[in-house]
Amino acid sequence: MPSRSGTRRKASRRAILKSALAGIATLAAPPVLGQAKAHVIVIGGGFAGATCARRLKAADGTIAVTLVEPNARFTACPFSNAVIAGLRPIEAQYFGYDGVKQAGVDIAGQIVVAIEAEARQVHFADGARLDYQRLVLAPGIDIRFDALPGYDQTAAEIMPHAWKAGAQTLLLRRQLEAMADGGVVVLSAPANPFRCPPGPYERASLIAYYLKTKKPRSKLILLDAKDTFSKQRLFEAAWKTLYPGLIEWVPLSGGGRVIEIDAKTRTLVTEFGSHLADVANVIPPQRAGAVAIAAGVADQTGWCPIDPHTFESKLVPNIHVIGDAAIAGAMPKSAFAANAQAKVCADMIASLIRGEDPREVKLINTCYSLVAPDYGISVAGVYAPRDGLLTEIKEAGGVSPLEAPAAQREAEATYAQAWFQTITREVFG
Amino acid sequence: MTRPWSYRGISHGMIVVALLAVPIQAAAQPSSAAACSGCHAPVNDGPVPGLIGRPAGEIVTAMAAFRAGERTATVMDRIAKGYSDEEINAIAQWYAAQGQPAGNP
Amino acid sequence: MTRALINTPKQAQQGEVIEIRAMIAHVMETGHRRDAQGAAVPRNIIHRFQCLYDDVEIFAADFYPAMAANPFIAFSTVATTSGVLTFAWTDDQGTIQRATAEITVV
């Protein structure tokens, strides 16, 4: 499975030091005329990292920007639920970095093994090192394979999480295709916080759409470690109308929290019972990508506290954290939020490098979910730094109306598609 | 593809001159406008109208109508409420100063 | 009637330490909140939880307003004899919710 963080956690500092002492050359710095050029390294080529790298170049062309991403191709998570439901080819989720390169960003297809914050240096697996003035970490999430007894990487090959798009997405798709009509699909959703708060419910919806149209005698059970979830009333109302009797949501207070996995029997064990699945999709607890942990910017929660104006880490100076890995206050972990944060972070870094004061900002999140191919719902919010946190502006934001004509649901489904096209063009095009 | 809230639909007779007192500058994009381009593409070819090169008055009027709930919307009514007149004006001025939108005759 | 969930082993060895889990759906209204009109929302929490093993109290707990909604309790006991475990949750309105489970001790 592709890793967005590109960090190999087991590499020891001593090994890095040794290779550095052995005289392995650092990456050649770009030629410098006159005064020294500022260099910003961005680690992670997802929505947050690729946006930030491009925006830095646009904000100040004199800044040298390196985007570190070991994968030649990015697989986008938004709309990957449609791939799972057979509504979309996985190829529609693939994006390369040519556009980022053409925007003047250096791409380093490297694996990061260590970050020396005091020396402001990134160490790569091949022994090379790179200096930075400012470092941006956009590693996304890692699955916590230590959090759910019985759920490790081997179990994920039997009961996929599909919470990082790519091979896992296709695995879940194949399992659904292979399942007989009348089978039981079991999904499990984690406690907050996690990537894409409405994601498990969109996935349940689109799998239900697949089952209803192709395997109508099947059933879907959604085991939840929460009693409430994003866009809940909208989802529940839509499920009642579109998929009556097909989706059973089991909340925390109904015994929905999964505490153990038995991959051999494809069983999800809850506090009050167990569920045997024909196809199981375990969405486990998550944390910031490994490179953030290695850099020391994650706290005991596994996520990264940041200054809400500049996205600079509260734990390590000169390192900024954006996207899913950051504790962005009220902002959810979404691609839209990652993209918005990345632009603000880039502007702030350009200001800081020029010695200017950071400006006041507002950020937006808009997040569409498909309940069916022609039925979209959304949540939106506007955010600003208040009291050291990104806080939602009370007067703004909210979800789609509970009562709305079919035309509005259809319009939101269309807008969801348009959003994906626009944002991926902006980031990768 | 339908365009229920199209560019043309709001363009006539709505320019609010009083709000355009700030001279247009070739300044950097206001950071508050950074999130707009998540949905509003520079190429005006999708269901979401482009903003680049659009007269500032149109943007200001549209945002005021969204904020007041006087205009049909999906998400813009919810987003517009988060912005002050000054912020909307700065965003509108910047977009207006960006020249003609690509793909718009 | 609200929903109560219990999880006990159906069968155990005599002398075995067994884990018992119990959860009830309840708002656990603290009494500190005000409604949209500004009126105080009266306190209504489960203030007492009790577990009997063949009519003998083996576990009890007093709850206070800091307890979150849908309280979850897990505790251990020793399986002594085949019998019935009875659970009771009492809230401020005087409602008592009961649940039972049988256990076979071999």
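Quantities reported herein were computed from a predicted structural model and do not represent experimental measurements.

Concerning the domain arrangement of chain A
Residues and elements named next belong to chain A. Along its sequence, chain A is organised into domain 1 (23-140 + 289-359) and domain 2 (153-284). Relative to domain 2, the C-alpha centre of domain 1 lies at a distance of 32 Å. Each partner contributes residues to the interface: domain 1 has 17 residues there, and domain 2 has 22 residues. Roughly 1600 Å² of surface becomes buried between domain 1 and domain 2 when both sides are summed, with 68% attributable to carbon and sulfur atoms.

Points about the interface of chain B and chain A
In this complex, chain B contributes 27 residues to the contact, which on the side of chain A involves 36 residues. Interface of chain B and chain A: buried area, both sides summed, is about 2500 Å²; carbon and sulfur atoms make up 57% of it. Taken together, the connections running from chain B to chain A amount to 3 salt bridges. Residue Asp 45 of chain B is joined to Arg 425 of chain A by a salt bridge in which the shortest nitrogen-to-oxygen separation is 3.4 Å. Joining chain B to chain A, the criterion identifies 10 residue pairs in polar contact (both at pLDDT 80 or more).

A look at the nonpolar core
Residue and element names in this part refer to chain A. Counting residues in hydrophobic clusters, the biggest one holds 145 residues, and the most contacted among them are Ile 43, Phe 47, Ile 115, Leu 137, Leu 220 and Trp 239. At 12 residues, helix α10 (residues 335-354) tops the list of elements feeding residues into this core. Viewed by domain, this core spans two of them, domain 1 (23-140 + 289-359) and domain 2 (153-284), each represented by three or more residues. When residues no more than four places from it in sequence are discounted, the contact partners of Leu 137 are Ile 43, Ile 115, Val 291, Ala 292, Ala 295, Val 297, Ile 319, His 320, Val 321 and Ile 322.

Remarks on helix α1 (residues 56-67) of chain B
Residues and elements named next belong to chain B. Here α1 spans 16 Å end to end across 12 residues, near enough to the 16 Å set by a 1.5 Å rise per residue. Of all 12 residues making up α1, 10 are buried, and the element is well covered by its neighbours. Three or more residues of α1 are buried, namely Ala 56, Gly 57, Glu 58, Ile 59, Val 60, Thr 61, Ala 62, Met 63, Ala 65 and Phe 66. Next to the buried residues of α1 lie α2 (76-80) and α3 (85-96).

Focus on the sheet that holds strand β16 (residues 273-276) of chain A
All names here are of chain A. Strand order across the open sheet formed by 3 strands is β14-β15-β16, with antiparallel pairing between neighbours. Either end of the sheet is taken by a strand with one partner, and the two such strands are β14 (258-262) and β16. Between one strand axis and the next, the sheet turns through 20° on average, direction left out of account. For β14 and strand β15 (residues 267-270), the ladder comprises 4 bridges, and the chain directions are antiparallel. Its bridge partner lying in β15, Val 258 is registered against Thr 270.

Rules behind the numbers
Residues numbered from 1 in each chain as written. Chains lettered and ligands numbered in written order. Predicted model: local features only at pLDDT ≥ 70, side-chain atom pairs only at ≥ 80, totals over all residues. Heavy atoms only, no water. Domains from an automatic or database assignment. Contact = heavy atoms within 4.5 Å. Buried area = accessible area lost by both parts, 1.4 Å probe. Salt bridge = Lys/Arg side-chain N within 4 Å of Asp/Glu carboxyl O. Polar contact = N/O pair within 3.5 Å; in protein donor to acceptor, adjacent residues only side chain to side chain. Core = buried A, V, L, I, M, F, W, Y, C linked by side-chain atoms within 4.5 Å. Buried < 20%, exposed > 50% of the residue type's maximum accessible area, 1.4 Å probe, protein only. Helix = DSSP H or I, 4+ residues; strand = E, 2+ residues; numbered from the N terminus. Expected span 1.5 Å × (residues − 1). Pairing = 2+ DSSP bridges. Axes fitted to C-alpha atoms, helices over the stretch in contact; angles between N-to-C directions.

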